[in-house]
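Okay, here's what each chain looks like letter by letter:
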Amino acid sequence: MASLDLPPLRRRLPPRPITRFAPSPTGFLHLGHVANAVYVWGIASALGGRVLLRLEDHDRGRSRPEYERAVLEDLEWLGLVPDVGTPAELRHGPSPYRQSDCDDSFRAALDALIRTEWVYGCDCTRKEIAAEAGDLRNEETRYPGRCRDRGLPVAEGQGIRVVMAEGAETFTDALLGAATQSPAEQCGDLLLRDRTGNWTYQFAVVVDDQRHGVDLVVRGEDLVSSTGRQIRLARMLGRARPPVFLHHPLIRRPDGAKLSKSSGDTGVRELRRAGASPGKVLGQAAWLTGLIERPAELSPAALPSLFGG
Ligand code: GLU
């Protein structure tokens, strides 16, 4: 049944890794999340590692308590049990595994970066940045550096950026192989906190992967392009050795379109309502991401076998 050959993969992965499942509670879980969970739990158990659950609710405008409750409940229904940051702990109250409870950690990391003198205030709006960047078609918008030398204060009500100096980051993705990325060319100076006070995904994820001791990041291929900048930022924050990254194929709808949180037909809630069992949902996600050849029921205990465990 295994379609991923763990022995060669194992050489690229940390022994007994600490990895994470890190949903943003900005919507309900769908099969894309479940596919990621199959990889995360499957690889961690195949290697005798641990999974931590982290609620990435850094965007306070888009995150909702009802989505958080649903994420925890759907994970329990699927039988996916994290070793750290359990649903019971998270429901109990503030937790180091819920980003909105960890403002102090993000402030401390920001202070450390400010001491490096690579941080500056920025009052650009998204519209201004897009206008200055011009027509990029499908490319990512690169911050053109307008505020870098303006001497704006690093203060509330202002965006906060960190300089991405020229130079490439190289890494070996455990599935995709060697990669080289130049953050200065891809995205320019990174936004750490926006003007409304939200910590950004890039900043929060790097701070958290470091403080949680994550040494293996397993996530979908849509995040590959963020990896170089995250390695750079981690180094600027004093992390000597970045985590190993494994980016897996995304699952697609039968019509080939990318899944989104609004895809009603692939939502875990909808599948549950339609009578699917947890094993069927896990099996469907594993099938749609190419881990098994045909749809089949899969129990959480069977996940390591997909990775040679
Ligand atoms: N919170 C992100 C998401 O829901 C995952 C980030 C990551 O794995 O680095 O897509």
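Above this text is the structure in question.
All residue numbers refer to positions counted from 1 along the written sequence of the respective chain. Residue-level local features of this predicted model are given only where pLDDT is at least 70; pairs of side-chain atoms are given and counted only at 80 or more, and the full residue set underlies all totals for whole chains, interfaces and linings. Each side-chain value is worked out from all heavy atoms of the structure, with water and hydrogens disregarded.

Draft legend 1. Molecular detail of the sheet that holds strand 4 (residues 159-162). Within the open sheet, the three strands sit side by side as 3-4-7. Their pairing is antiparallel. The sheet is open, and its two borders are formed by strand 3 (119-122) and strand 7 (190-193), each paired with just one other strand. Strand-to-strand twist across the sheet, computed as the mean angle between neighbouring axes with direction ignored, equals 40°. Criterion used throughout: strands pair if DSSP finds at least two bridges between them. Helix and strand assignments come from DSSP, with helices taken as H or I runs of at least 4 residues and strands as E runs of at least 2, each series counted from the N terminus. Two elements, strand 4 and strand 7, share three bridges in a ladder whose sense is antiparallel. Pairing of V162 across the sheet is with L190, part of strand 7. For helices, the fitted axis covers only the stretch in contact; all axes are lines through C-alpha atoms, and the angles between them, taken along N-to-C directions, range from 0 to 180 degrees.

Draft legend 2. Structural context of the site of the ligand. All residues in the neighbourhood of the ligand are listed as R20, A22, P23, S24, E56, Y201, V205, R219 and L223. With respect to the ligand, the side chain of Y201 contributes an N or O atom lying 2.7 Å from an oxygen atom. Here the Shrake-Rupley method, with its probe set to 1.4 Å, supplies the accessible areas, and only the displayed protein chains count as covering residues. Coverage of the ligand by the protein chains reaches 79% of its 300 Å² of free accessible surface. Residue proximity to a molecule or strand is established when one non-hydrogen atom of the residue lies within 4 Å of it. Nitrogen and oxygen atoms within 3.5 Å of one another constitute a polar contact, given that in protein one can donate a hydrogen and the other can accept it, and given that sequence-neighbouring residues count only through two side-chain atoms.

Draft legend 3. Expanded view of the packing of helix 5 (residues 103-115) against helix 8 (residues 201-211). Remark: helix 5 packs on helix 8, axes separated minimally by 10 Å, with the N-to-C direction vectors making an angle of 100°. Taken as axis vectors, helix 5 and helix 8 run roughly perpendicular relative to one another. Contact residues: helix 5 offers S105, F106, A109, L110 and L113, while helix 8 offers F203, A204, V207, D208 and R211. Classification used: nonpolar for Ala, Val, Leu, Ile, Met, Phe, Trp, Tyr, Cys and Pro, charged for Asp, Glu, Lys and Arg, polar for all others including Gly. Its residues assigned to classes, the contact of helix 5 with helix 8 comprises seven nonpolar, one polar and two charged. Working definition: roughly parallel below 35 degrees, roughly antiparallel above 145 degrees, roughly perpendicular at 65 to 115 degrees, and oblique for all remaining angles. Contact criterion: two residues are considered in contact whenever any of their non-hydrogen atoms come within 4.5 Å of each other.

Draft legend 4. How the structure looks around the environment of A234. Secondary-structure assignment places A234 in helix 9 (residues 227-236). Through-space distance from the C-alpha of A234 to that of F203 is 9.0 Å; in sequence the pair is 31 residues apart.

Draft legend 5. Highlighting the state of the cysteines. In this description, the term disulfide denotes a pair of cysteine sulfurs within 2.5 Å. Under the criterion given, the structure shown has zero disulfides. Left unpaired, C187 is separated from the closest cysteine sulfur, that of C122, by 13 Å.

Draft legend 6. Unusual backbone geometry, seen in detail. The backbone of R16 sits at a positive phi, close to 45°, despite the residue not being glycine. Take R16: it is sitting in the loop between helix 1 (6-12) and strand 1 (18-21). Throughout, exposure labels follow a simple rule: accessible area from a 1.4 Å probe, protein chains only, divided by the maximum for the residue type, with under 20% read as buried, over 50% as exposed, and the rest as partly exposed. On the accessibility criterion, R16 (63% relative accessible area) is exposed. Even without glycine at this site, E117 takes up a positive phi of about 65°. Residue placement: E117 occurs in the loop between helix 5 and strand 3.

Draft legend 7. Up close: the nonpolar core. Of all hydrophobic cores here, the largest spans 52 residues; its most connected members are L13, W41, L306 and F307. At 11 residues, helix 2 (residues 31-46) tops the list of elements feeding residues into this core. Sequence-distant contacts of L13, defined by excluding residues within four places in its chain, comprise L6, I43, L47, A174, L216, V244 and L246. By nonpolar core is meant a set of buried Ala, Val, Leu, Ile, Met, Phe, Trp, Tyr and Cys residues that side-chain atoms within 4.5 Å join together. With 21 residues, the next largest nonpolar core counts M164, C187, V206 and A234 among its residues.

Draft legend 8. The arrangement of the packing of aromatic side chains in detail. Stacked, tilted and edge-to-face pairs are distinguished by plane angle, under 30 degrees for stacked and over 60 for edge-to-face with tilted covering the rest, among Phe, Tyr and Trp rings (Trp via its six-membered ring) whose centres lie within 6.5 Å. Taken as a whole, this structure holds seven aromatic pairs when the rule is applied. Between F28 and Y67 the ring centres are 4.9 Å apart and the planes differ by 85°, which places this aromatic pair in the edge-to-face class. A residue pair is termed long-range when its members are at least 10 positions apart, and F28 in the loop between strand 1 and helix 2 and Y67 in helix 3 (residues 65-78) qualify at 39 residues. Looking at F28, the relative accessible area reads 35%, which means it is partly exposed. Measuring from centroid to centroid gives 6.4 Å for F106 and F203, while their planes differ by 55°, and the two rings are tilted.

Draft legend 9. Structural view of helix 8. With eight of 11 residues buried, helix 8 is to be regarded as a mostly interior element. Of the positions making up helix 8, those classed as buried are Q202, F203, A204, V205, V206, V207, D208 and D209. Structurally, helix 8 contributes buried residues whose contacts are with strand 1, helix 5, strand 7, strand 8 (216-220) and helix 9. G213 sits one or two positions beyond helix 8 and adopts a positive phi of about 70°.

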